[in-house]
Amino acid sequence: MIASPYDEQLARIPVSEHRVDVDGTETAWWEYGPADAPVLVLVHGFRGDHHGLEPVVAQLPGFRFISPDLPGFGASATFADRPHDIDAYADWLAAFIDAVGITGPYALLGHSFGSIVSSAAVARGLRPERLVLVNPIGAPALEGPRGVMTRLAVGYYRAAAALPEKAGFALLRNGAIVRVMSVTMAKTRSKSLRRWIHDQHDRYFSAFGDRDAVLEAFRASVSHDVSEYAHDIDVPTLLVAAERDDVTPLEEQHRLVSLFPDATLEVIPEVGHLIHYETPGDAAARILRFLRSGAHA
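Residues numbered from 1 in each chain as written. Predicted model: local features only at pLDDT ≥ 70, side-chain atom pairs only at ≥ 80, totals over all residues. Heavy atoms only, no water.

## Brief notes about the overall build of the chain
Definition in use: Segments assigned H or I by DSSP are reported as helices when at least four residues long, segments assigned E as strands when at least two residues long, and all are numbered from the N terminus. For a compact globule the rule gives 2.2 Å times the number of residues to the power 0.38, and the radius of gyration it is set against comes from C-alpha atoms. Buried, partly exposed and exposed residues are distinguished by accessible area as a fraction of the type maximum, computed with a 1.4 Å probe on protein chains only: under 20%, between the cut-offs, and over 50%, respectively. Using a 1.4 Å probe, the Shrake-Rupley method yields the accessible areas, and only the shown protein chains count as cover for residues.
Regarding its fold elements, the chain presents twelve helices and eight strands. For the chain, the C-alpha radius of gyration of 18 Å lies close to 19 Å, the compact-globule estimate for 297 residues. In terms of its C-alpha atoms, the chain occupies a principal-axis envelope of roughly 60 × 40 × 40 Å. Out of the 297 residues in the chain, the part that is buried amounts to 55%. Working note: accessible area of the chain is about 12,600 Å², and carbon and sulfur atoms make up 52% of it.

As structure tokens, then:
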């Protein structure tokens, strides 16, 4: 295991692990920070789990973070009787917030695939005070100049679905393919940071127990994007985008922010789809300004 460059900061923040039944789905979640602090709910990206957003947690002391593993990933169970699509995840997120007893004001942050889930839930009636979308998926993944990479990924997941279960499962967890994905996404020039990012993906990118859940969630991730929901999101929203994001080009982020009734775009230079790993401090500073600008007197 390669030590995290954010371990020292994270170690100062108390953390506890919990499990809760959310409409029949056992959900694992982690609580960071003091119980009486302002609440920020975190929704991680596709094939990740709560570990991925810990570097951001480390940069934002003074909050109570509620960070679940999405159903089908990490330590959470799969949905028992629903496909792993956006509607199911949006319903689950609203039910999860109720199940853990969040009754007062809170903010909501979604990263990557989590930006779609969070946006869909808010558009359907979830009421955070503020919404933060990090590396938001702002355009259809199969369109545009980077669509060819998504189509290659579609072929990979289709192959995993077509193979017998054991072989398909092995393909999804193939270390060489996971490493190629990691190398493609990482933009930092720091060799030590790149090694740590690759170690994180090696450890957590295959933390799932059901092939069908992963395939369903992948189809959801490439069939929807935040732009579908932006018009119906009436809470103040911050988009934290990356200059070199290979998933949603920067020009699409500028188009996306114009679709919201009340949204601001912040662009972090020289980083790609891994803001949460490569520049969590910069992201945290922008998020903090946004959240404080809406704080009650």
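## Quick look at the pattern of salt bridges
Definition in use: Throughout this description, the term salt bridge denotes a Lys or Arg side-chain nitrogen within 4 Å of a carboxyl oxygen of Asp or Glu.
Here the structure, examined in full by the defined rule, presents 14 salt bridges. The salt bridge partner of Asp-282 is Arg-286, with a shortest N-O separation of 2.6 Å. With Asp-282 and Arg-286 both in helix α12 (residues 280-293), this residue pair falls four residues apart, about one helical turn. What emerges from the salt-bridge pattern is a single network uniting Arg-82, Asp-87, Asp-91 and Arg-124.

## Brief notes about the packing of aromatic side chains
Convention followed: Any Phe, Tyr or Trp ring, taking Trp's six-membered ring, that has another such ring centre within 6.5 Å forms a pair; planes under 30 degrees apart are called stacked, those over 60 apart edge-to-face, and the others tilted. Distance and angle both matter: a charge sits over a ring if NZ of Lys or CZ of Arg is within 6 Å of the ring centre and within 35 degrees of the ring normal.
Taken as a whole and judged by the stated rule, the model has 14 aromatic pairs. Here Phe-46 and Phe-73 contribute two aromatic rings whose centre-to-centre distance is 5.8 Å and whose plane-to-plane angle is 75°, an arrangement assigned as edge-to-face. Here Phe-46, found in the loop between β3 (39-43) and α2 (54-58), pairs with Phe-73, found in the loop between β4 (64-68) and α3 (86-99); they are 27 residues apart in sequence, far enough to count as distant. Residues Phe-46 and Phe-73 agree in their burial class; the two are buried. Taken together, the aromatic side chains of Phe-46, Phe-73, Phe-79, Tyr-89, Phe-113, Tyr-156, Tyr-157 and Phe-218 make up a single cluster linked through ring pairs. The lysine or arginine in question, Arg-130, covers the ring of Phe-290, its NZ or CZ lying 4.5 Å from the ring centre. The side chain of Arg-173 reaches across the aromatic face of Phe-208, ending 5.1 Å from its centre.

## Some remarks on the nonpolar core
As a reminder, the rule being used: The term nonpolar core refers to a set of buried residues drawn from Ala, Val, Leu, Ile, Met, Phe, Trp, Tyr and Cys, joined through side-chain atoms within 4.5 Å. Residue contacts are counted whenever heavy atoms from the two residues lie within 4.5 Å of one another.
Judged by nonpolar contacts, the single largest core of 59 residues is most densely connected at Leu-93, Phe-96, Leu-108 and Phe-113. Counting residues per element, this core draws most heavily on α3, at nine residues. Each residue touching Phe-113, except ones within four places of it in the same chain, is listed here: His-44, Gly-45, Phe-46, Leu-70, Ile-86, Tyr-89, Ile-137, Ala-217, Ala-220 and Ser-221. Membership of the second largest hydrophobic core comes to 36 residues, among which are Trp-30, Val-56, Val-134 and Trp-196.

## Examining the pairing of strand β6 (residues 130-134)
As a reminder, the rule being used: A pair of strands is labelled paired if DSSP reports no fewer than 2 bridges between them. By convention a crossover is right-handed if, when the strands point away from the viewer, the path from the first strand over the helix to the second runs clockwise.
Across the five residues of β6, five count as buried, placing the element largely inside the fold. The alternating pattern of β6 places Arg-130, Val-132 and Val-134 on one face and Leu-131 and Leu-133 on the opposite face, and all of these are buried. Pairing geometry for strand β5 (residues 106-111) and β6, over five bridges, is parallel. Among the inter-strand pairings, Gly-110 is bridged to a residue of β6, identified as Leu-133. Of the crossover connections in this fold, the one passing from β5 over helix α4 (residues 113-123) to the parallel β6 is right-handed.

## Quick word on the environment of Arg-203
Take Arg-203: it is sitting in helix α8 (residues 191-204). Looking at Arg-203, the relative accessible area reads 37%, which means it is partly exposed.

## Brief notes about the environment of Pro-140
Summarising the element assignment, Pro-140 is placed in the loop between β6 and α5 (147-162). Given the relative accessible area of 32%, Pro-140 is considered partly exposed. Between the C-alpha atoms of Pro-140 and Phe-79, which are 61 residues apart in sequence, the distance is 25 Å.

## A short note on the packing of helix α6 (residues 165-172) against helix α9 (residues 211-223)
Short version of the rule: Lines are fitted to the C-alpha atoms to define the axes, a helix being fitted only along its stretch in contact, and any angle between axes, read from their N-to-C directions, falls within 0 to 180 degrees. Angle categories are assigned with fixed cut-offs, so that under 35 degrees is roughly parallel, over 145 is roughly antiparallel, 65 to 115 is roughly perpendicular, and the rest are oblique. Handedness of each helix crossing follows the sense of rotation of the near helix against the far helix: counterclockwise by less than a right angle gives left-handed, clockwise gives right-handed. Side-chain classes are defined by residue name, with Ala, Val, Leu, Ile, Met, Phe, Trp, Tyr, Cys and Pro counting as nonpolar, Asp, Glu, Lys and Arg as charged, and the others, Gly among them, as polar.
Remark: α6 packs on α9, axes separated minimally by 10 Å, with the N-to-C direction vectors making an angle of 55°. When the axis of α6 is compared with that of α9, the two are oblique. Along this stretch, α6 crosses α9, giving a crossing that reads as left-handed. Of the residues in α9, those touching α6 at Glu-165, Gly-168, Phe-169 and Leu-172 are Arg-211, Val-214 and Leu-215. Taken together, the residues of the contact of α6 with α9 break down into four nonpolar, one polar and two charged.

Note that every value here comes from positions in space, so none of it alone points to a role or purpose.
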